[in-house]
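Spelled out, the chains give:
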Amino acid sequence: MSELRRGNRRRVVLLIVCAMLALTGGAAFSQRTTLTCWYYGYRLERAAETERQAWADRLVSMGEPSVPRLLACLRKDDAKLCAIARTSLEKMIAEREPKDPRSVKIADRFFEAHPTFSPAGQLAALQMLPELLTSGGAEAASKARTFVSAALKDRSAEHRIEGIKIARRIDLNLLPAVVPMLNDPEADVRLAAMVALGPISEGGGDSVLVSSEELLHWLHDPDADVRQMCEMSLRSRNLRDRDIRLGRMLTNPDPKDRLKLLLELPDDEDANLSVWLQRLSNDPDSAVRAGAARVAAERRVDFIERLDQMMTTDPDGTVRKIAEHYRKWYR
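Student: Mind showing me how you'd approach the overall build of the protein chain here?
Tutor: Helices and strands together make up the secondary structure of the protein chain, namely 18 helices and zero strands. Per-residue burial for the protein chain yields a buried fraction of 43% across its 331 residues. Taking contacts inside the protein chain between residues at least 6 apart in sequence as the whole, the part at least 24 apart equals 58%. In the structure as shown, the protein chain presents an accessible area of about 18400 Å², 53% of it carried by carbon and sulfur atoms.

Rendered as structure tokens:
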């Protein structure tokens, strides 16, 4: 009897063990995709550079379950790994139709995870934003705006440059935030800002954030590339060579060069002589202001109203007297 009981007990234990093995095997089978993605991601992060692309391709072949592993790569402070993760995610999105729900889901996961990305991952994420904005649904632009706004203030010049490139998109409406970056301490950032803001046509109405007159100051930027881009931008706004040459003199930090401008101002109808003299009569240097009053009187430019102002409001007593003197020429 005792042997019978022991035999029954053994059969029960065996049945329990078999059941546990069956359950364990079933769980392992159901988690196979997740485990495979984890393994491919593990190998990708630790592979030699020459082998990384192969592991990334294997990971991408797993489809949507690979997204968390690719986003995890963007947390690593490894620029090349982050670049591979970015291109892999872009590849997954590009293979689908615009606004595909799966792409929208990738975008949602991306924006949820991006605060945890490393500096290298943040840069890669910025470079990936255009793809996400195309496929990420209606909320993507709103979330991207916050992301790009932070990039424009980042300590890294490279991040600020990438932020400027994306801020040019109409759906983000962030170009006004780029205007102060024309004065960025880094020449490459100023150049990117000039590319974004300079060539806008004067006919663009409210889209013109920096006027041509304001833009003239960057003809004297310390960096040659910024100066060249500024000149190209002014030409795109239909300024002639003569306008640019005179504008360069008008905005020259040296008052002696601005005084020379008074002698070079053309008097043809297209030159807008009165406009040039109005600007020079408000010059910070008193000698230039006095010279503008003299030239206006000598060339018989309609300048009475401005001379009346200079007689009473100019901060320099000598300029006030000179303005009063030339005002009499109009009687």
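Student: What am I meant to see in the nonpolar core here?
Tutor: Most often, soluble globular proteins keep nonpolar side chains buried together rather than apart. By size, the foremost hydrophobic cluster in this structure holds 69 residues, and its most contacted members are Phe110, Leu129 and Ile164. Ranked by residues supplied to this core, first place goes to helix α7 (residues 119-135) with eight residues. Apart from residues lying up to four places away in sequence, Phe110 is in contact with Leu71, Phe117, Ala125, Met128, Leu129, Leu132 and Phe147. One finds Leu250, Val301, Tyr326 and Tyr330 within the second-largest nonpolar core, a separate group that totals 25 residues.

Student: Where do I start with a nonpolar patch on the surface in this structure?
Tutor: Where nonpolar side chains cluster on the molecular surface, the patch consists of Trp38, Tyr39 and Tyr42 and spans about 320 Å² of accessible area. Tracing the backbone through its elements, the reader meets Tyr42 in helix α2 (residues 32-46).

Student: Which parts of the structure should I look at to understand helix α18 (residues 317-327)?
Tutor: Helical periodicity: at 3.6 residues per turn, an α-helix aligns residues three or four positions apart in one direction. By the burial criterion, the buried members of α18 are Val319, Ala323, Tyr326 and Arg327. Take α18 and look down its axis: the buried residues cluster within an arc of 105°, on one side only. α18 presents Thr318 and Lys321 as exposed residues on the side facing more than 90 degrees away from its buried surface. Considering only its buried residues, α18 is in contact with α16 (286-298) and α17 (304-313).

Student: Looking at this structure, I do not really get unusual backbone geometry. What am I missing?
Tutor: Trans peptide bonds make up the majority, and among non-glycine residues the majority have a negative phi. In the Ramachandran plot, Asn238 falls in the positive-phi region, its phi being about 70° despite a non-glycine side chain. Inspection of the secondary structure assignment puts Asn238 in the loop between α12 (224-236) and α13 (241-250). You will see that Arg300, though not glycine, has its phi angle at about 60°, which is positive. By secondary structure assignment, the location of Arg300 is in the loop between α16 and α17.

Student: For this particular structure, what's the right way to read the packing of helix α6 (residues 101-113) against helix α8 (residues 139-152)?
Tutor: A pair of packed helices is captured by two measures, namely the crossing angle of their axes and the spacing between those axes. The geometry of α6 relative to α8 is characterised by a closest axis approach of 11 Å and an angle of 25° between their N-to-C directions. Between α6 and α8, the crossing angle belongs to the class labelled roughly parallel. Once α6 is placed against α8, the crossing between them reads as left-handed. Two secondary-structure elements touch here, α6 through Asp108, Phe110 and Phe111 and α8 through Ala140, Lys143, Ala144 and Phe147.

Student: Can you help me understand the side chain of Arg237 in this one?
Tutor: With respect to the secondary-structure elements, Arg237 resides in the loop between α12 and α13. Within the local environment of Arg237, its side chain forms a polar contact with the backbone oxygen of Val210, the two atoms lying 2.8 Å apart.

Definitions and cut-offs
- Residues numbered from 1 in each chain as written.
- Predicted model: local features only at pLDDT ≥ 70, side-chain atom pairs only at ≥ 80, totals over all residues.
- Heavy atoms only, no water.
- Helix = DSSP H or I, 4+ residues; strand = E, 2+ residues; numbered from the N terminus.
- Buried < 20%, exposed > 50% of the residue type's maximum accessible area, 1.4 Å probe, protein only.
- Contact = heavy atoms within 4.5 Å.
- Areas by Shrake-Rupley, 256 points an atom, 1.4 Å probe, with all protein chains shown as cover.
- Core = buried A, V, L, I, M, F, W, Y, C linked by side-chain atoms within 4.5 Å.
- Patch = residues over 30% accessible without salt bridge, like charges linked within 9 Å, V, L, I, M, F, W, Y side chains within 5 Å.
- Salt bridge = Lys/Arg side-chain N within 4 Å of Asp/Glu carboxyl O.
- Arc of directions from axis to C-beta.
- Axes fitted to C-alpha atoms, helices over the stretch in contact; angles between N-to-C directions.
- Parallel < 35°, antiparallel > 145°, perpendicular 65-115°, else oblique.
- Left-handed = near helix turned anticlockwise from the far one by under 90°.
- Polar contact = N/O pair within 3.5 Å; in protein donor to acceptor, adjacent residues only side chain to side chain.

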